[in-house]
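These are the residues of each chain, in order.
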Amino acid sequence: MPERLAEMLLDLWTPLIILWITLPSCIYMAPMNQSQVLMNGSRLELSRLSEEQRILNRSKRGWVWNQMFVLEEFSGPEPILVGRLHTDLDPGSKKIKYILSGDGAGTIFQINDITGDIHAIKRLDREEKAEYTLTAQAVDWETNKPLEPPSEFIIKVQDINDNAPEFLNGPYHATVPEMSILGTSVTNVTATDADDPVYGNSAKLVYSILEGQPYFSIEPETAIIKTALPNMDREAKEEYLVVIQAKDMGGHSGGLSGTTTLTVTLTDVNDNPPKFAQSLYHFSVPEDVVLGTAIGRVKANDQDIGENAQSSYDIIDGDGTALFEVTSDAQAQDGVIRLRKPLDFETKKSYTLKVEAANVHTDPRFSSRGPFKDTATVKIVVEDADEPPVFSSPTYLLEVHENAALNSVIGQVTARDPDITSSPIRFSIDRHTDLERQFNINADDGKITLATPLDRELSVWHNITIIATEIRNHSQISRVPVAIKVLDVNDNAPEFASEYEAFLCENGKPGQVIQTVSAMDKDDPKNGHYFLYSLLPEMVNNPNFTIKKNEVIVVLFVTLRRHKNEPLIIKDDEDVRENIIRYDDEGGGEEDTEAFDIATLQNPDGINGFLPRKDIKPDLQFMPRQGLAPVPNGVDVDEFINVRLHEADNDPTAPPYDSIQIYGYEGRGSVAGSLSSLESTTSDSDQNFDYLSDWGPRFKRLGELYSVGESDKET
């Protein structure tokens, strides 16, 4: 304590001694025979002197001053004398008055207007204001007239070591990686001192550590903090408190000091491998657990933190690698074991897995510490569960012909109870899938039978669902889809695509197309339909028409040219007339009739003999045969017609003759117009069928058949 007091007294008196030594050079009192005093290098003239005297007096001065000093923080009982202004022109008769103006004049600094003494009347703080600029002037006491121009000078506040160093930004925090080498820089801290940095050592700071050894050190002048021990382990101790001191006066005794704290945190590096909490884990799981369900969790602890503690989990060995998987939970840092494939207690009751945990992020600097991974064994026990029946197939496809007999077996489904205590199975049809009850099933053996007739042309596929139920536990059921395909049987005759009605003009030419026909069949043979077209048996020997197949299209042709019929000769107007009326359409009634005169059959020229037919000229001469005797008008018509029919059938010189009666209109009074093609401006032979070429290749061929030339028709 006495040493500390002595240091303080020394610090206090040192500037005073300096001021006392330098004071004569600041304020110099000239001899009484001198007429002036110089202030701030300028001349204060007190009397009117000759030019020679002024030059002589100036040459005698050997001093110049421009500033004064005053000690800061002086707190004596009386004002402190800063300096004095005086002149030899003042005989003591109070003829001269001194005036002081400028910074702090009258408030901080006060001048004795008679003696010129300047005093500091307040305690000064250099750190608040380091210097003051004032103006001094001498005036006549009575008239207040300036004896010379005013002159400026400076009063500087002399510094003393009255401010301790301060850490303005403290307390401080810093981090450094654990396991760092010796001398690794942590941070640097700086303090400030309000004292004058250019005067003495009041602001010269030296740094030291008061608390925090032996872990950290500090450079005295730069305040850089470094590690003092190598390989500090975060897992052993993570945080350190360091107390730092800054002392002025260059660290010497008597200097003022300030302190602050620095908290140093060791950041983590991956210097620890993961380690399972236990080497063996046991889990149990029901065999009917849903796929993806978490069975259990395993955890490998890591003393590191953050990403350095992240581990990935994998199944590296065992008899359940195909059934189980392990995924990493980033939040909990553990491994979740899940089911990948279904379990079967009856097949296998337990599994053993080898699970590995390995760090995701590794630091090669610590690879020498060994592999950053660990393994554990996981045993999983499968628990038995009451399972529903299992069908022998996930789906069934059955085929049955459409003419299958009722109650015939069309297929069978089978199912079993997979449990050890196997339960009998009963089968049934889900009637929501068989609303028409077309099928039945044997509840014991699963045979499916036909309940109602099938028709492939109505429905080709039937989709039903079969239900298998355990007898011992009706809640255990299974379903399986059964698709039944109905196979085709040729049970439908061909049908013409539409109703056909053909018209032929009496001047039709050979080769002319009369009608195109096509057929269809409801059946569906595997190789497609193939139809044989032919004329009716009674028309087979008719040389007038023929039928030809073109791709799928059947065309009826005229094969022989017809000659226009000659009018039959009427024997006698008085012959008995009988009318044959044909009503084969909706004609106009009595107005729409034409009569055949039976008398025309009794040609007088043919009564006594057989004459050749007049419709076609015979190539061979017809030899008449002995006919029936002439009869009167009351001839038996039926017998007559039979005779003529026999003659026509046995006549080798002319083909059979068929008469076609055509009604070209519906008679007077009918609302319909004419239906006859005979009134058309063009005949079939005159029409152009080239437009059919635009309808496709098949119609193009049909158009070619219709538009065959005259020469082709004759051929």
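- The protein chain is annotated in an unreviewed UniProt entry as Cadherin 8 of Rousettus aegyptiacus.
- One UniProt comment on the protein chain, placed under Subcellular location (unreviewed entry), says "Cell membrane".
- In the Function (unreviewed entry) part of its UniProt record, the protein chain is described as follows: "Cadherins are calcium-dependent cell adhesion proteins."

1. Some points on the overall build of the protein chain
Part 1 of the argument: Across its full length, the protein chain carries five helices and 39 strands.
Part 2 of the argument: When burial is assessed residue by residue, the protein chain has 35% of its 715 residues classed as buried.
Part 3 of the argument: Considering only intrachain contacts with a sequence separation of at least 6, the fraction spanning at least 24 residues in the protein chain is 67%.
Part 4 of the argument: Accessible surface, the protein chain: about 42900 Å² in total, of which carbon and sulfur atoms supply 53%.

2. What to know about the sheet that holds strand β10 (residues 172-177)
Note on sheets: strands pair through backbone hydrogen bonds, and any given pair is parallel or antiparallel.
Part 1 of the argument: Reading across from one edge, β10-β16-β15-β12 is the order of the four strands in this open sheet, with mixed pairing throughout. Bordering the open sheet on either side are β10 and β12 (206-211), each of which pairs with just one other strand. Sheet twist, expressed as the mean angle between neighbouring strand axes with direction ignored, is 35°.
Part 2 of the argument: The pairing of β10 with strand β16 (residues 257-267) spans six bridges and is parallel. Among the inter-strand pairings, Pro177 is bridged to a residue of β16, identified as Thr267.

3. Looking at the sheet that holds strand β24 (residues 350-359)
Part 1 of the argument: Read from one edge of the open sheet, four strands run β18-β25-β24-β21, paired in mixed fashion. For this open sheet the edge positions go to β18 (280-286) and β21 (311-318), each flanked by a neighbour on one side alone. The mean angle between the axes of side-by-side strands here comes to 30°, regardless of whether they run parallel or antiparallel.

4. Thoughts on unusual backbone geometry
Part 1 of the argument: Residue Pro171 is reached from Gly170 by a cis peptide bond, and omega for that bond is -5°.
Part 2 of the argument: With respect to the element layout, Pro171 can be found in the loop between β9 (151-158) and β10.
Part 3 of the argument: The residue Asn407 is not glycine, and still its phi comes out positive at about 70°.
Part 4 of the argument: Within the secondary structure, Asn407 sits in the loop between β27 (396-401) and β28 (409-412).
Part 5 of the argument: A positive phi angle is found at Arg437, which is not glycine, with a value near 50°.
Part 6 of the argument: Relative to the helices and strands, Arg437 resides in the loop between β30 (425-429) and β31 (439-441).

5. Describing the environment of Val413
Part 1 of the argument: Note on placement: Val413 falls in the loop between β28 and β29 (415-416).
Part 2 of the argument: Separated by 69 residues in sequence, Val413 and Val482 have C-alpha atoms that sit 8.8 Å apart.
Part 3 of the argument: Not counting residues within four places of it along the chain, the set of residues in contact with Val413 comprises Phe391, Tyr396, Phe427, Ile441, Asp445, Gly446, Ile448, Ile466 and Val482.

6. A few points about the nonpolar core
Part 1 of the argument: Membership of the largest hydrophobic core comes to 24 residues, with the highest contact counts inside it found for Phe276, Val298, Tyr313, Phe324, Ile337, Leu343 and Val378.
Part 2 of the argument: Listed by contribution, the elements that provide at least two residues to this core are β18, β19 (294-298), β22 (324-329), β23 (334-339), β24 and β25 (373-383).
Part 3 of the argument: Val378 has contacts with Tyr281, Phe283, Val298, Ile337, Tyr351, Thr352, Leu353 and Val355, leaving out every residue within four places of it along the chain.

7. Brief notes about the pairing of strand β15 (residues 239-247)
Part 1 of the argument: Where β12 meets β15, five bridges bridge the pair, whose relative direction is antiparallel. When the bridges of β15 are listed, Val206 appears paired with Lys247.

8. Let's talk about the pattern of salt bridges
Once the charged atoms of two side chains with opposite charge are near each other, the side chains can pair.
Part 1 of the argument: Per the stated rule, a full pass over the model turns up 17 salt bridges.
Part 2 of the argument: Residues Glu238 and Arg234 are paired through a salt bridge, measuring 3.9 Å at the closest nitrogen-oxygen approach.
Part 3 of the argument: According to the relative accessible area criterion, Arg234 is buried, its value standing at 9%.
Part 4 of the argument: As a salt-bridge pair, Glu457 and Arg456 come within 3.1 Å of each other at their nearest N and O atoms.
Part 5 of the argument: For Arg456, a relative accessible area of 11% puts it in the buried group.
Part 6 of the argument: The network of salt bridges with shared partners includes Arg234, Glu235, Glu238 and Asp268.

9. Digging into the environment of Val176
Part 1 of the argument: Within the secondary structure layout, Val176 lies in strand β10.
Part 2 of the argument: Note: C-alpha distance between Val176 and Leu266 (90 residues apart in sequence) is 5.1 Å.

Reading the values: rules and limits
Residues numbered from 1 in each chain as written. Predicted model: local features only at pLDDT ≥ 70, side-chain atom pairs only at ≥ 80, totals over all residues. Heavy atoms only, no water. UniProt positions renumbered as here; feature names shortened; annotations may be inferred. Helix = DSSP H or I, 4+ residues; strand = E, 2+ residues; numbered from the N terminus. Buried < 20%, exposed > 50% of the residue type's maximum accessible area, 1.4 Å probe, protein only. Contact = heavy atoms within 4.5 Å. Areas by Shrake-Rupley, 256 points an atom, 1.4 Å probe, with all protein chains shown as cover. Pairing = 2+ DSSP bridges. Axes fitted to C-alpha atoms, helices over the stretch in contact; angles between N-to-C directions. Core = buried A, V, L, I, M, F, W, Y, C linked by side-chain atoms within 4.5 Å. Salt bridge = Lys/Arg side-chain N within 4 Å of Asp/Glu carboxyl O.

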